[in-house]
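Residue strings, one per chain:
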Amino acid sequence: MVPKLRFKNFKKMEEKKLIDFAPLQRGYDLPVSQIESGDYPVVFSNGILKKHRQYKVKGPGVVTGRSGTIGKVTYVNKDFWPHNTSLFVTNFFNNVPKYVYYYYQHIDFSKFATGSGVPTLNRNDLHSLDILEPEIDEQTKIADFLSSVDERITLLNQQYDLLCQYKKGMMQKIFSQEVRFKDENGETFPEWIQTSLGTISKAYDGTHQTPNYVEFGVPFYSVEHVTADNFDDTKYISEDVFEQESKRVSIQQGDILMTRIGDIGTVKYINWIPRASFYVSLSLIKVRESFDSKMISYCMQSDFFQKELHEKTIHVAFPKKINLGEISNCRIKMPASKKEQTKIVIFLSAIDDKIAAKKAELDKLKTWKQGLLQQMFV
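Residues numbered from 1 in each chain as written. Predicted model: local features only at pLDDT ≥ 70, side-chain atom pairs only at ≥ 80, totals over all residues. Heavy atoms only, no water.

**Comments concerning the overall build of the protein chain**
Here is the rule: Numbered from the N terminus, helices here are DSSP runs of H or I no shorter than four residues, and strands are runs of E no shorter than two. By the convention used here, residues are in contact when the closest approach between their heavy atoms is within 4.5 Å. Accessible surface is estimated by sampling points in the Shrake-Rupley manner with a 1.4 Å probe; for residues, cover comes only from the protein chains shown. Only four residue types enter the charge count: Lys and Arg as positive, Asp and Glu as negative, with His and the chain ends excluded. To locate a charge, the coordinates of NZ of Lys, CZ of Arg, CG of Asp or CD of Glu are taken.
Within the protein chain, the regular secondary structure consists of 10 helices and 20 strands. Its C-alpha atoms put the protein chain at 70 × 55 × 50 Å along the principal axes. Residue pairs at least 24 apart in sequence account for 72% of intrachain contacts in the protein chain once pairs closer than 6 positions are excluded. If you sum the accessible surface of the protein chain, you get close to 20100 Å²; carbon and sulfur atoms cover 48% of it. Here the protein chain carries 51 positive and 46 negative side-chain charges, and the mean point of each set is 2 Å from the other.

Put into structure tokens, the structure is as follows:
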């Protein structure tokens, strides 16, 4: 039992139980209504969400989720209050706290969770885990190295967020017509038009039942795909189920998927999907050939169209939803000139390409870090 990846010139590690390395204890009760604004982080199961005027534990600290969110590990470099939904390290036994933080990141906490409703982390089972403890110098080297990886991830995250904010800002300016494009003579294009989505497209409803997945078969795309940044995590259903499904429409290049239950109005333009597919809690928008479907997808992302969706959403339903017919009735605002449409599509597509490239770079780095964690710890 040795790590696959180690720094050179370090001696053999010491075998221990986790309880003798960095034991965990349940956090302290603190109702949200009793939190008083202050300087000390309150660490919940899913991270730092509030700050309180008092603290319970001296920093630095390592905290993970006990109930609800399982598996998120938080490092706190100052005095803090671990919430009762979390577990915190009570004793580092002279180990490097940041090393302990990364060690906990590599653990698959799902193996130690109990309860079918709200999962709860069983710390007693976790404490019996066999571990290898390196010397302090090696711990420091590992912690410093992984910290530098995290700094790069943070930088890429910031760059990604800035690109998304820039796109959002430009979308607002373009669709409010604060920013206007010019024709080849430097003249402003004609005024925009308003119409209903149903006038320029046809909306189809996807199946709302989640089928059994298989290893190979027909691609199945759900809300998770539309709200994510790519379609990489493809799931499949059997050919037989597909043939039996009466409500199906082929997804083709240029189609638009939009969520309509729970998450309302997230739009995904389809660049290319080679086969017909199912969809869950989605609407499929097929744009008429005389209109630019990529432009329509941007119009559907605009504040104007999103407000239309919100007003027609059934908020008393749980989860909230918008009926298929109401989607077609929503008004849409768009340029009357196809040349202006083209200019807008080219401009916004270039931003989308930069966002996608940055996201791919970020995901690649996160995957590399996860691989490092699995190889550097046992």
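Let us keep going from here.
**Focus: the sheet that holds strand E17 (residues 263-269)**
The cut-off we apply is this: Two strands are counted as paired when DSSP detects at least two bridges linking them. Angles run from 0 to 180 degrees between N-to-C directions of axes, and those axes are lines fitted to C-alpha atoms, restricted for helices to the stretch in contact.
Taken together, the four strands give an open sheet; going across it, the order is E13-E19-E16-E17, and neighbouring strands pair in antiparallel fashion. Both edges of this open sheet fall to strand E13 (201-205) and E17, since each of them pairs with a single strand only. Averaged over all pairs of adjacent strands, the angle between strand axes in this sheet comes to 25°, irrespective of strand direction. Relative to strand E19 (residues 282-287), strand E16 (residues 256-261) runs antiparallel, the two being bridged by four bridges. Along E19, the bridge assignment pairs Leu257 with Leu284. Along the sheet face, helix H7 (residues 293-301) touches E16, E17 and E19 and points at about 155° away from the line of E17.

**Remarks on the pattern of salt bridges**
If charged atoms from side chains of opposite charge come close, those side chains can pair. As a reminder, the rule being used: Take a side-chain nitrogen of Lys or Arg and a carboxyl oxygen of Asp or Glu: if they are within 4 Å of each other, that pair is a salt bridge.
Going through the model one piece at a time under the given rule, you end up with 17 salt bridges. Between Lys16 and Glu133 there is a salt bridge, with the nearest N and O atoms lying 3.2 Å from each other. With Lys16 in strand E1 (residues 14-17) and Glu133 in strand E11 (residues 130-133), this pair connects stretches of sequence that are 117 residues apart. Note that Asp29 and Arg26 form a salt bridge whose closest N and O atoms lie 3.4 Å from each other. Through salt bridges with shared partners, one network takes in Arg152, Lys358 and Glu361.

**Looking at the layout of surface pockets**
Worth spelling out the cut-off: A 1.4 Å probe that fits but cannot get out identifies a cavity on a 1 Å grid over protein atoms alone, an open set with protein on both sides within 12 Å along at least five of seven lines counts as a pocket, and a residue lines either if it has an atom within 4 Å of a point. Grid points are joined across faces, edges and corners, and a volume is the space filled by probe spheres set on the points. Each residue receives one of three labels: charged for Asp, Glu, Lys and Arg, nonpolar for Ala, Val, Leu, Ile, Met, Phe, Trp, Tyr, Cys and Pro, and polar for the others, Gly being one of them.
If you add up the space inside the second largest pocket, you get close to 230 Å³. Looking at the second largest pocket, the residues that line it are Gln105, Asp150, Ile153, Thr154, Asn157, Lys366, Lys369, Gln370 and Leu373. Considering only residue class, the lining of the second largest pocket consists of two nonpolar, four polar and three charged.

**Points about the sheet that holds strand E4 (residues 47-52)**
Neighbouring strands of a sheet are bound in pairs by backbone hydrogen bonds; such pairs are parallel or else antiparallel. Strand order across the open sheet formed by three strands is E4-E3-E7, with mixed pairing between neighbours. Edge positions in the sheet fall to E4 and strand E7 (81-82), since each of these pairs with one other strand and no more.

**Some thoughts on the pairing of E19**
Applied cut-off: Summary of the burial criterion: residues with accessible area below 20% of their type's maximum are buried, those above 50% are exposed, and those between are partly exposed, where the area comes from a 1.4 Å probe applied to protein chains only.
Where burial is concerned, most of E19 is hidden: six out of the six residues are buried. Across the two faces of E19 the burial is the same, with Leu282, Leu284 and Lys286 and Ser283, Ile285 and Val287 all buried. Across five bridges, E13 lies against E19 in antiparallel orientation. In the sheet register, Ala203 faces E19, and the bridge partner there is Ile285.

**Quick notes on the packing of H7 against helix H8 (residues 303-312)**
Where H7 contacts H8, the two axes come as close as 5 Å, and the packing angle between them is 60°. Facing H7, whose interface residues are Cys299, Met300 and Gln301, H8 presents Asp303, Phe305 and Gln306. Looking at the contact of H7 with H8 residue by residue, the class counts come to three nonpolar, two polar and one charged.

**Here we look at the confidence of the model for the protein chain**
To keep things clear, this is the line we draw: Each residue carries a pLDDT value, the predictor's own confidence for that position, ranging from 0 to 100.
Residues at a pLDDT of 70 or more form 91% of the protein chain, whose mean pLDDT is 89. Across the protein chain, the element-wise mean pLDDT spans from 64 in helix H6 (residues 239-244) up to 98 in E7.

**A closer look at the side chain of Thr85**
You can see Thr85 is positioned in the loop between E7 and strand E8 (86-89). Using a relative accessible area of 19% as the deciding quantity, one classes Thr85 as buried. Setting aside anything within four residues of it in sequence, one finds Thr85 in contact with Phe44, Ser45, Gly65, Arg66 and Ser67.

**Digging into the side chain of Asp255**
Selection rule: Nitrogen and oxygen atoms within 3.5 Å of one another constitute a polar contact, given that in protein one can donate a hydrogen and the other can accept it, and given that sequence-neighbouring residues count only through two side-chain atoms.
Mapping Asp255 onto the fold places it in the loop between H6 and E16. On the basis of relative accessibility, which here comes to 6%, the residue Asp255 falls in the buried class. For Asp255, the side chain forms a polar contact with the main-chain nitrogen of Gln252, separated by 2.8 Å. If sequence neighbours within four positions are ignored, Asp255 has contacts with Ser250, Lys268, Tyr269, Ile270, Leu284, Ile285 and Lys286.

**Examining the environment of Phe10**
Topologically, Phe10 is positioned in the segment before E1. Judged by relative accessible area, Phe10 falls into the partly exposed class, the value being 22%. Phe10 sits 125 residues away from Glu135 along the chain, and the two C-alpha atoms are 7.8 Å apart.

**Let's talk about the packing of aromatic side chains**
This is how the line gets drawn: Pairs were defined over the aromatic rings of Phe, Tyr and Trp, the Trp ring being its six-membered one, requiring ring centres within 6.5 Å. Orientation was assigned from the angle between planes: stacked under 30 degrees, edge-to-face over 60, tilted for the rest.
Throughout the structure, instances matching the rule amount to 14 aromatic pairs. Ring plane angle 35° and centroid distance 5.9 Å describe the contact between Tyr28 and Phe88, whose orientation is recorded as tilted. One end of the pair, Tyr28, is in the loop between strand E2 (24-26) and strand E3 (40-44); the other, Phe88, is in strand E8, and 60 residues separate them in sequence. Residue Tyr28 is classed as partly exposed on the basis of its relative accessible area, which comes to 27%.

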